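Listed below are the residues making up each chain.
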Amino acid sequence: MTLEVRPLGLDGVFEIVPAKFGDARGFFSETHNSESFRAAGIDVQFVQDNHSYSAAKGVLRGLHYQLPPAAQAKLVRVVRGAVFDVAVDIRKSSKTFGKWVGIEISAGAWNQVFVPRGFAHGFVTLEPDTEVIYKVSDPYRPQLDRAIRYNDPDIAIAWPIPVDDAQMSGKDRAAPFFAQAELFD
């Protein structure tokens, strides 16, 4: 199996496009293989799979992360619909600290995003009935769970749709701004 791995401009964040083989029956795709990922320079062990469903266009989830020692790397893919996916570098020692990158991922494009530890992550749905499946490298730990405000002016994410009226959790709407957030040293 082959996969394309494209850097997205922030150290360790990649778009991944797995090979997809189709015929009259449908298709087959190997969306994750530890050996292939390791050969591409992504050496991470995933321990949990998460699945989210959003009924409407304009559902925003994020910007989420976990603090060490339970920081999570994520492999994010869309199995129905489309999202604009965002990663924000929250590593204080990084050259790209506070910078963000965003990319549309969709079932149609069959692309994925790898987000390493040390990044906040979020997405907004671009279509109704969107389903996102993502692998994480550490289980959910509520005591280490954190978020950053989706519309923080210091980060200035250029969301592709108006997000101030987006559907989101109360937790995400009230998340601290970047300057007040607990970040990675």
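Here the structure is a predicted model, which is why all the values come from computation and not from measurement.

Before we go on, may I ask you to explain the side chain of Asp-145 in this structure?
Mapped onto the elements of the fold, Asp-145 is located in strand 13 (residues 145–147). Side-chain polar atoms of Asp-145 contact the side chain of Lys-171, separated by 2.4 Å.

Explain the packing of aromatic side chains here, please?
By convention here, two paired aromatic rings are described through the distance between centres and the angle between planes. The full count for this structure, using the stated rule, is four aromatic pairs. Here the aromatic rings of Phe-27 and Trp-110 are separated by 5.2 Å at their centres, their planes lie at 75 degrees, and the arrangement is edge-to-face. Of this pair, Phe-27 sits in strand 4 (residues 26–29) while Trp-110 sits in the loop between strand 9 (100–106) and strand 10 (112–115), and the two are 83 residues apart along the sequence. Overall, the relative accessible area of 13% leaves Trp-110 in the buried class. Ring geometry for Phe-84 and Trp-159: centres 6.1 Å apart, planes at 70 degrees, overall edge-to-face. Taken as a pair, Phe-84 in strand 8 (residues 82–89) and Trp-159 in the loop between strand 13 and helix 2 (170–173) lie far apart in primary sequence, 75 residues in all. Taken individually, Phe-84 and Trp-159 each receive the classification buried, so the pair is uniform in this respect. Lys-20 extends its terminal NZ or CZ atom over the ring of Phe-27, reaching a point 4.2 Å from the ring centre.

It is not clear to me how the sheet that holds strand 5 (residues 48–54) should be interpreted in this structure. Could you clarify?
Within a sheet, neighbouring strands are paired by backbone hydrogen bonds and run either parallel or antiparallel to one another. Judged by pairing direction, the sheet is antiparallel, and its six strands sit side by side in the order 1-2-10-7-12-5 without closing on themselves. Looking along the sheet, the strands with just one partner apiece sit at the ends: strand 1 (3–7) and strand 5. Averaged over all pairs of adjacent strands, the angle between strand axes in this sheet comes to 25 degrees, irrespective of strand direction. Across three bridges, the pairing between strand 2 (residues 14–18) and strand 10 is antiparallel. Residue pairing in the sheet places Phe-14 in a bridge with Phe-114 of strand 10.

The rules we used
- Residues numbered from 1 in each chain as written.
- Predicted model: local features only at pLDDT ≥ 70, side-chain atom pairs only at ≥ 80, totals over all residues.
- Heavy atoms only, no water.
- Helix = DSSP H or I, 4+ residues; strand = E, 2+ residues; numbered from the N terminus.
- Polar contact = N/O pair within 3.5 Å; in protein donor to acceptor, adjacent residues only side chain to side chain.
- Phe/Tyr/Trp six-rings, centres within 6.5 Å; stacked < 30°, edge-to-face > 60°.
- Buried < 20%, exposed > 50% of the residue type's maximum accessible area, 1.4 Å probe, protein only.
- Lys NZ or Arg CZ within 6 Å of the ring centre and 35° of its normal.
- Pairing = 2+ DSSP bridges.
- Axes fitted to C-alpha atoms, helices over the stretch in contact; angles between N-to-C directions.

Just geometry here; none of it tells us what the structure is for.
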